[in-house]
Amino acid sequence: MSRASGPRSGDAIFASVERVNAELFTLTYGAIVRQLLTDLEEVEEVNKQLDQMGYNIGIRLIDEFLAKSNVSRCVDFKETADMIAKVGFKMFLGVTASVTNWDADGTCCSIVLEDNPLVDFVELPDTCQGLYYCNILSGVIRGALEMVSMKTEVTWTRDMLRGDDAFELQVKLLKQVPEEYPYKDDD
Amino acid sequence: MIVCVAVVGHQNNPLYIQSFTEADDALKLHHIVHCSLDVIDERVNNPKKSGPLLNETFLGLLYPTENYKVYGYLTNTKVKFILVTTDLDVKDADVRNFFRRFHAAYGDAVSNPFHVPGKKITSRTFAESVSTIVKAFGLSSAG
Amino acid sequence: MGREVSESCIDSLVTEMVFSFCNRFYADKSDLAARRIEAIGYQVGHQLSERYTMERPRFSDHLEAIKFICKDFWSEVFKKQIDNLKTNHRGTFVLQDNRFRWLSRMSVEPSLETGQEGENKATEAMSMHLYFPCGIIRGALSNLGIPCAVSADISNLPACSFVIRIKA
């Protein structure tokens with residue numbers, strides 16, 4: 001489904017977009033998480049709200065992703081997951097993710113992140129052990145995929161803040177709504 | 001050898017203190033750190049005494065005791081770093097280098113969103129960085 | 001040069017943060033939302049000032065610290081310097097950015113309302129947005145030992161002025 005010129009690489013896009021100091025982004029996210037913990041008290045509720053914020057961001061960010069990556073909407077879930085990991089993460093966060101652990105019918109996979117600017121400087125206090133600190137990311141992915149007609153469930157299976165060796169998000173395709181074109185095919 | 005490092009807040013509240021000796025001299029080291037705070041305050045409030053180091057974060061040798069040399073550093077955010085060493089022949093550049101790295105580690109520790117300004121630094125990462133920096137002290141120019 | 005992220009990341013995050021606090025967590029309690037947004041900025045400014053003042057001599061007076069905010073600090077955060085600095089020499093400083101980045105790039109929520117009501121909403125959203133940079137400035141200065149109050153003035157868009165009143 002790619003246009004003739006083909007999709008651009010994540011590196012090429014990242015090199016061409018306006019970039020800022022990651023510190024500002026990292027510290028802002030950290031301050032938001034801490035404020036939510038103070039205001040909402042329940043860690044579970046903070047997880048939920050971070051996911052919701054991510055979802056809201058994802059449904060808007062998808063347009064920039066499609067426009068800058070020169071990818072037209074991917075039909076295939078497999079291809080889509082690959083684009084998110086290799087192009088999406090790179091063009092926004094400047095890091096590369098990989099896709100692994102495909103299940104037999106190709107509807108569930110893992111996105112693995114070994115480097116993640118959100119957690120620079122972060123150490124979880126003991127009182128926040130149930131917190132999915134990076135939960136905004138799962139929301140972004142869920143939101144973005146929903147805008148290309150893929151309903152997914154995104155869950156953390158590994159978290160470096162909890163002592164794992166990488167961040168791993170399991171993305172499970174629940175339902176793929178056939179794309180509805182706003183116009184009729186003129187065949 | 002560095003025997004003690006400390007971070008002290010702007011109201012002279014201790015934020016971090018770690019000694020690196022086997023001997024049971026923690027109390028004595030704490031006392032030395034405590035005394036050095038007065039020296040820093042005096043220096044900063046009487047700029048003439050600090051001479052060429054005016055407004056530099058590195059305050060140099062605060063005072064020598066019989067067994068120790070005590071160095072100080074004052075950040076723009078009014079936080080004091082203290083270094084106590086038993087080395088007699090200390091190179092200025094080594095101490096500066098030590099404080100530069102120490103300040104970077106401190107900056108990362110207070111960038112943790114869960115760190116509360118003015119509260120003690122409990123970060124494991126910070127403790128590990130400090131230990132690495134302390135071990136490396138003086139090694140760069142040893143040859 | 002340290003680590004970088006795309007500017008869309010910070011823009012999206014700040015926009016969503018302001019939106020969430022105003023419309024979800026503290027809907028109809030805009031003063032509370034404003035205070036939270038300012039507090040988030042304060043923490044960020046407090047942390048950034050520690051990072052950005054490493055390896056530089058201590059400031060000898062308030063003016064030097066304010067100049068640091070106008071030049072180095074602003075450049076790190078907004079990739080340009082403050083265009084104009086004014087002071088009444090009695091503890092009030094006005095920092096004017098002729099084209100404040102976060103306003104020029106701000107995506108106003110697509111809304112069905114148009115006309116006067118839509119315009120009011122846009123101005124309100126903008127002023128909620130500004131609590132964040134005001135908090136950043138206050139946090140940075142307070143960490144440098146300068147307690148102050150900071151407000152923003154957008155009567156001259158796209159210019160934005162930040163008014164710093166140092167507390168005696």
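Because the structure is predicted, anything quoted here is derived from the model rather than measured.

Quick notes on the rules
- Residues numbered from 1 in each chain as written.
- Chains lettered and ligands numbered in written order.
- Predicted model: local features only at pLDDT ≥ 70, side-chain atom pairs only at ≥ 80, totals over all residues.
- Helix = DSSP H or I, 4+ residues; strand = E, 2+ residues; numbered from the N terminus.
- Rg over C-alpha atoms; globule rule 2.2 N^0.38 Å.
- Buried ≥ 20, exposed ≤ 12 C-beta atoms within 10 Å, placed from the backbone.
- Contact = placed C-beta atoms within 7 Å.
- Nonpolar A, V, L, I, M, F, W, Y, C, P; charged D, E, K, R; others polar.
- Pairing = 2+ DSSP bridges.
- Axes fitted to C-alpha atoms, helices over the stretch in contact; angles between N-to-C directions.
- Parallel < 35°, antiparallel > 145°, perpendicular 65-115°, else oblique.
- Left-handed = near helix turned anticlockwise from the far one by under 90°.
- pLDDT = per-residue confidence, 0-100.

Here the focus is the overall build of chain C. The helix and strand tally for chain C stands at five helices and five strands. At 16 Å, chain C has a C-alpha radius of gyration in line with the 15 Å of a compact globule built from 168 residues. Overall, chain C is about 50 × 40 × 25 Å in size when its C-alpha atoms are taken along their principal axes. Burial status across chain C gives 40% buried among its 168 residues. Contacts spanning at least 24 positions in sequence make up 58% of the contacts within chain C whose residues lie at least 6 apart.

In this section: the interface of chain C and chain A. Each side of the interface is counted separately: chain C has 26 residues, and chain A has 29 residues. At the level of elements, β1 (4–6), α1 (7–25), α2 (30–52) and α3 (62–78) of chain C are the ones that each hand at least two residues to the side of chain C that touches chain A. Take the side of chain C that touches chain A: its biggest share by element is eleven residues, from α1(C). For the side of chain C that touches chain A, the residue count by class is twelve nonpolar, seven polar and seven charged. Bridge analysis of strand β1 (residues 19–21) of chain A against β1(C) gives three bridges, and the strand direction is antiparallel. By the bridge assignment, Arg19(A) is partnered in β1(C) with Ser6(C).

A word on the packing of α1(C) against α2(C). All names here are of chain C. Contact geometry of α1 with α2 gives a least axis separation of 8 Å together with a crossing angle of 150°. Between α1 and α2, the angle falls in the class roughly antiparallel. The way α1 lies across α2 gives a crossing that is right-handed. On α2, the residues touching Met17, Val18, Phe21 and Cys22 of α1 are Ser30, Ala33, Arg36, Ile37 and Ile40.

Once that is clear, we can look at the sheet that holds strand β2 (residues 97–100) of chain A. All names here are of chain A. Pairing is antiparallel across the open sheet formed by four strands, whose spatial order is β2-β3-β5-β4. Every interior strand has two partners, whereas the edge strands, β2 and β4 (150–158), have only one. Shown here is a sheet whose adjacent strand axes are inclined to one another by a mean of 25°, direction ignored. Of the strand pairs in this sheet, β4 and strand β5 (residues 167–176) are connected by eight bridges, and their pairing is antiparallel.

All names here are of chain B. If you trace the backbone, threonine 132 turns up in helix α4 (residues 124–136). The exposed category is assigned to threonine 132, around which 11 C-beta atoms lie within 10 Å. Put simply, threonine 132 and phenylalanine 102 are 30 residues apart on the chain and 10.0 Å apart in space, counted from C-alpha to C-alpha.

Across the junction of Leu157(C) and Pro158(C), the peptide omega takes the value 0°, indicating a cis bond. Note on placement: Pro158(C) falls in the loop between β4 (148–153) and β5 (160–166). Residues other than glycine seldom take positive phi values, yet Phe121(A) does so here, at roughly 75°. Positionally, Phe121(A) belongs in the loop between β3 (108–113) and α5 (135–147). For Phe121(A), a count of 21 C-beta atoms within 10 Å corresponds to the buried category.

A few words now on the confidence of the model for chain C. Residues and elements named next belong to chain C. Scored by pLDDT, chain C comes out at a mean of 90, with 92% of its residues at no less than 70. The spread of mean pLDDT over the elements of chain C runs between helix α4 (residues 101–104), the lowest at 82, and strand β3 (residues 92–97), the highest at 97. Note on residues 107–112: pLDDT under 50 across the span, and seven contacts to partners over four residues away in sequence or across chains. Under the prediction, the complex receives an ipTM of 0.91, its pTM being 0.92.

Let's shift gears to the pairing of strand β3 (residues 58–64) of chain B. Residue and element names in this part refer to chain B. By the bridge criterion, five bridges tie β3 to strand β4 (residues 69–74) in an arrangement that is antiparallel. In the strand pairing of β4, glycine 60 is matched with glycine 72. If you look at the hairpin formed by β3 and β4, you'll find four residues sitting between the two strands.

Residues and elements named next belong to chain B. Summarising burial for β4: five of the six residues are buried, a large majority. With six bridges joining them, β4 and strand β5 (residues 80–85) adopt antiparallel strand pairing. Each residue of the ladder has a partner; that of tyrosine 71, found in β5, is leucine 83. Taking the residues between adjacent antiparallel strands as the criterion, β4 and β5 are bridged by five residues, where lysine 78 takes a positive phi near 65°.

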